[in-house]
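What follows is the residue order along each chain.
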Amino acid sequence: MAEVTGTPFDSARFREVLGHFATGVTIVTAMEGDEPVGFTCQAFSSLSLDPPLVALAPGKNSTSWPRIAAAGSFCVNILSEDQEALSRDFAVSGGDKFTGVGWHPAANGAPVLDGALAWVECEFELAHDAGDHELVIGRVREMGVSRGRPLVYYRGGFGRFEP
Ligand SMILES: Cc1cc2nc3c(=O)[nH]c(=O)nc-3n(C[C@H](O)[C@H](O)[C@H](O)COP(=O)(O)O)c2cc1C
């Protein structure tokens, strides 16, 4: 347990405070042989324009991420406002998350989920050890957008964006 000035670090307060940073929600996908694999990921951001890089943070407890990393390339699906149920389904470890889920292969073969607002196809560039997560850098090779509004995550709850 981390300590600040001798007192135990208040992880619950840390989550509560950081929960005030509203974000979109993504599902990171790849193919493991013929089998699609994926998990819900909020810790995602653009990182560099030239070269085009993105960053994401999979937890060390994720069973999907090691399979995605082994694939060497992946797709970050940025979810639209009506994909809350999908994001919850892809946040449950184990089981076949893709049953009944529509998708088509990206140029790199990774699943682009039907209804996604946008997607970026990436090559796995590198991963840094970062506490109980990893900081992963992906090099963007292809990308696309669709029409709609984003799914938003704020203070542990899902919301919509009203311009
Ligand atoms: C809204 C939301 C955001 C999440 N963001 C992350 C994240 O940024 N990184 C992460 O590792 N797990 C995140 N999770 C949890 C993973 O989705 C979950 O631990 C993972 O899917 C477990 O499945 P796996 O064992 O198949 O990887 C999030 C879950 C939800 C519901």
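This text goes with the structure placed above it.
Residues numbered from 1 in each chain as written. Predicted model: local features only at pLDDT ≥ 70, side-chain atom pairs only at ≥ 80, totals over all residues. Heavy atoms only, no water.

Attention now goes to the pattern of salt bridges. Applying the stated criterion across every chain yields a total of nine salt bridges. Close ionic contact of Arg149 with Glu162 constitutes a salt bridge, the shortest N to O distance being 3.2 Å. One end of the pair, Arg149, is in the loop between strand 12 (133–145) and strand 13 (151–154); the other, Glu162, is in the segment after strand 14 (157–160), with 13 residues separating them in the sequence. In this structure Arg149 comes out as partly exposed when scored by relative accessible area, which is 34%. The exposure class assigned to Glu162 is exposed, which follows from its relative accessible area of 57%. Linked through salt bridges whose partners overlap, the residues forming this network are Glu32, Glu35 and Arg67. (Salt bridge = Lys/Arg side-chain N within 4 Å of Asp/Glu carboxyl O. Helix = DSSP H or I, 4+ residues; strand = E, 2+ residues; numbered from the N terminus. Buried < 20%, exposed > 50% of the residue type's maximum accessible area, 1.4 Å probe, protein only.)

This next bit is on the site of the ligand. Taken together, 17 residues lie around the ligand, and Gly59, Ser62, Thr63, Ser64 and Ser93 are the ones closest in. Backbone polar atom of Phe90 to an oxygen atom of the ligand: 2.9 Å apart, as the coordinates give it. Ser93 places a side-chain nitrogen or oxygen 2.5 Å from an oxygen atom of the ligand. Considered on its own, the ligand offers 630 Å² of accessible surface; in the complex 84% of this is hidden by protein. A molecule is said to occupy a pocket when more than half its atoms come within 2 Å of that pocket's grid points, and by this definition the ligand occupies the largest pocket. Here the shell around the ligand gets three residues from one element, more than from any other, and that element is strand 5 (residues 35–41). For the shell around the ligand, the class distribution of residues is nine nonpolar, seven polar and one charged. (Near = heavy atom within 4 Å. Polar contact = N/O pair within 3.5 Å; in protein donor to acceptor, adjacent residues only side chain to side chain. Areas by Shrake-Rupley, 256 points an atom, 1.4 Å probe, with all protein chains shown as cover. 1 Å grid on protein atoms, 1.4 Å probe; cavity = no way out; pocket = protein on both sides within 12 Å on 5 of 7 lines; lining within 4 Å. Sits in = over half its atoms within 2 Å of the grid points. Nonpolar A, V, L, I, M, F, W, Y, C, P; charged D, E, K, R; others polar.)

Quick look at the nonpolar core now. Ranked by size, the top nonpolar core spans 16 residues in total, and within it Val28, Phe39, Leu56, Trp65, Ile68, Phe74 and Cys122 carry the most contacts. Among the secondary structure elements, those contributing two or more residues to this core are strand 4 (26–32), strand 5, strand 7 (53–56), helix 2 (65–71), strand 8 (73–78), strand 11 (118–130) and strand 12. Among all residues touching Val28, those that are not within four sequence positions of it are Val37, Gly38, Phe39, Cys41, Leu56, Trp65, Ile68, Phe74, Cys75 and Val76. In terms of nonpolar packing, the next biggest core, distinct from the first, is built from nine residues, Leu86, Phe90, Leu113 and Leu151 among them. (Core = buried A, V, L, I, M, F, W, Y, C linked by side-chain atoms within 4.5 Å. Contact = heavy atoms within 4.5 Å.)

Topologically, Gln83 is positioned in the loop between strand 8 and helix 3 (84–89). Judged by its relative accessible area of 6%, Gln83 is buried. Within the structure, the side chain of Gln83 is placed 2.8 Å from the backbone nitrogen of Ser80, a separation counted as a polar contact. Setting aside chain neighbours within four positions, we find Gln83 in contact with Asp114, Gly115, Ala116 and Leu151.

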